[in-house]
Amino acid sequence: GLSTLGSGDVQGARAIYAGFEKVSPYGFSMAKMGEADLEMYLGRFKEALEPLAIGIAADKKEKSTGEMALKYVAEAEARLALGQTAKAVELAGKAAELNKVDNVLLPAARVLIQAGQEAKARAIANTLNEMLQTQTRSYAKLIVGEIALNQKQIPQAVEAFQEAQKLHNSWLSHFLLGRTYLEGGHAAEALAEFEICRKRCGETADLLFADTTTLRYLPPLYYWLARAQEGTGMTQAARESYQEFLKLRTNANPGDPLVTDAKRRSGS
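Along each chain, the written sequence defines residue order, and numbers are assigned to residues from 1. Whole-chain, interface and lining totals are the exception, using all residues; otherwise, since this is a predicted model, local features are given only for residues with pLDDT of at least 70 and side-chain atom pairs are given and counted only at 80 or more. In computing side-chain values, all of the structure's heavy atoms are included and hydrogens and water are not.

Trainee: I keep staring at the side chain of K71 and nothing clicks. Help me out?
Mentor: Segments assigned H or I by DSSP are reported as helices when at least four residues long, segments assigned E as strands when at least two residues long, and all are numbered from the N terminus. Inspection of the secondary structure assignment puts K71 in helix α5 (residues 65-81). Only heavy atoms matter for contacts: two residues are in contact if any of them lie within 4.5 Å across the pair. Contacts of K71, omitting those with residues within four sequence positions, involve S29, M33, L52, G55, I56 and D59.

Listed below in structure tokens is the structure:
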């Protein structure tokens, strides 16, 4: 399903997930997560809520707390995109309490940062840091770095993301470092990070190694890549990257500010 969606065949991916629902209760749960991820990949956050609700209800029946926590995180992201900040914070907190593993805690913390709950996000970073594994300590630094980025503390954010990369060379560390460089006016350095992300785009299918679907994190890369290309004078390449982003997110629901900006910048 992920490969089919990644190749551009949306209807083919839908058909695969529909068939997967019938395999087993676990298959049903994963299929609903896949359907929601597909909608979010297309920026259709409102449409993602239904399969998430159905999947969560099924997970409660099966007592599948791990799968439920992943869906709570996805719903928190969708609610945040819909402007339902309080609900997003509630769901992120619920996910973090339900399953204290890195592939739930990191995205939950990112929702909390974007919702302005930085103290709660720092608490999650401390929890990850205390796990002592190289990967979890890297994720803790990603949270610290994203808080700094959110506060426009560019040098501190760069340092945190670079330290995170040394511990665990994750796709997300390159993406966030690229965002930070761009925010700081260093388009060439940002472009180098985003090019790495593009070469490693397959990792976004299951970004945190949770046996789940996370392809929704990929489309924004094309927008930010275009911004970096634009900043380095690569006008035609930037236009093509904007078009790649628009191809995926034109039917976003709700309307995506990045879509509006991409249309303006690309002359669409």
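After presenting the structure, the write-up continues.
Trainee: When you look at the pattern of salt bridges in this model, what are you seeing that I'm missing?
Mentor: Where charged atoms from two side chains of opposite charge approach closely, those side chains can pair. We define a salt bridge as a side-chain nitrogen of Lys or Arg found within 4 Å of a carboxyl oxygen belonging to Asp or Glu. Throughout the structure, instances matching the rule amount to 22 salt bridges. Residue R44 is joined to E47 by a salt bridge in which the shortest nitrogen-to-oxygen separation is 4.0 Å. Each residue is placed in one exposure class: buried if its accessible area under a 1.4 Å probe, protein chains only, is under 20% of its type's maximum, exposed if it is over 50%, and partly exposed if it falls in between. Take R44: its relative accessible area is 23%, and that puts it in the partly exposed class. The structure contains a network of salt bridges with shared partners spanning R14, E39, R44 and E47.

Trainee: Sorry, what's going on with the nonpolar core here?
Mentor: The tendency in soluble globular proteins is for nonpolar side chains to be buried side by side. Think of a nonpolar core as a cluster: buried Ala, Val, Leu, Ile, Met, Phe, Trp, Tyr and Cys residues, connected wherever their side-chain atoms sit within 4.5 Å. In this structure, I124, L142, I143, F175 and F194 are the most contacted members of the largest nonpolar core, which totals 80 residues. When neighbours within four sequence positions are excluded, F194 is seen to be in contact with F175, G178, R179, L182, L221, W224, L225 and A228.

Trainee: Looking at this model, I keep getting lost on the packing of α5 against helix α7 (residues 102-114). Mind explaining?
Mentor: How two helices pack is summed up by the angle between their axes together with the distance between the axes. In the contact formed by α5 and α7, the axes pass within 10 Å of each other and the chain directions differ by 20°. One finds that α5 runs roughly parallel with respect to α7. The crossing of α5 and α7 is left-handed. Contact with α5, carried on its side by A69, L70, V73, A76, E77 and L80, involves N103, V104, P107, A108, V111 and Q114 of α7 and no other residues of that element. Across the contact of α5 with α7, the residue classes break down as nine nonpolar, two polar and one charged. Geometry is summarised by axes, namely lines fitted to C-alpha atoms with helices restricted to the contacting stretch, and by angles between N-to-C directions that run from 0 to 180 degrees. Angle categories: roughly parallel below 35 degrees, roughly antiparallel above 145, roughly perpendicular from 65 to 115, and oblique for all the rest. Left-handed describes a crossing whose near helix is turned anticlockwise from the far helix through less than a right angle; right-handed describes the clockwise counterpart. Side-chain classes are defined by residue name, with Ala, Val, Leu, Ile, Met, Phe, Trp, Tyr, Cys and Pro counting as nonpolar, Asp, Glu, Lys and Arg as charged, and the others, Gly among them, as polar.

Trainee: Could you clarify how one ought to interpret the packing of aromatic side chains in this entry?
Mentor: Each aromatic ring pair is characterised by the separation of its centres together with the angle its planes make. Ring geometry is summarised as follows: Phe, Tyr and Trp rings, the Trp one being its six-membered ring, pair when their centres sit within 6.5 Å, and such pairs are stacked at plane angles under 30 degrees, edge-to-face over 60 and tilted between the two. For the structure on display, the rule yields five aromatic pairs. An angle of 10° between the planes, with centres 5.4 Å apart, marks the rings of W171 and F175 as stacked. Taken together, the positions of W171 and F175, both in helix α11 (residues 171-183) and four residues apart, correspond to about one turn of that helix. Comparing W171 with F175 shows no difference in burial state: the two are buried. Grouping aromatic residues by their ring pairs yields a cluster made of Y223, W224, Y242 and F245. Any Lys NZ or Arg CZ found within 6 Å of a ring centre and within 35 degrees of that ring's normal is scored as a charge over the ring. In this structure, R179 packs its charged tip against the face of W224, placed 4.0 Å from the ring centre.

Taken by themselves, the reported measurements are silent on function.
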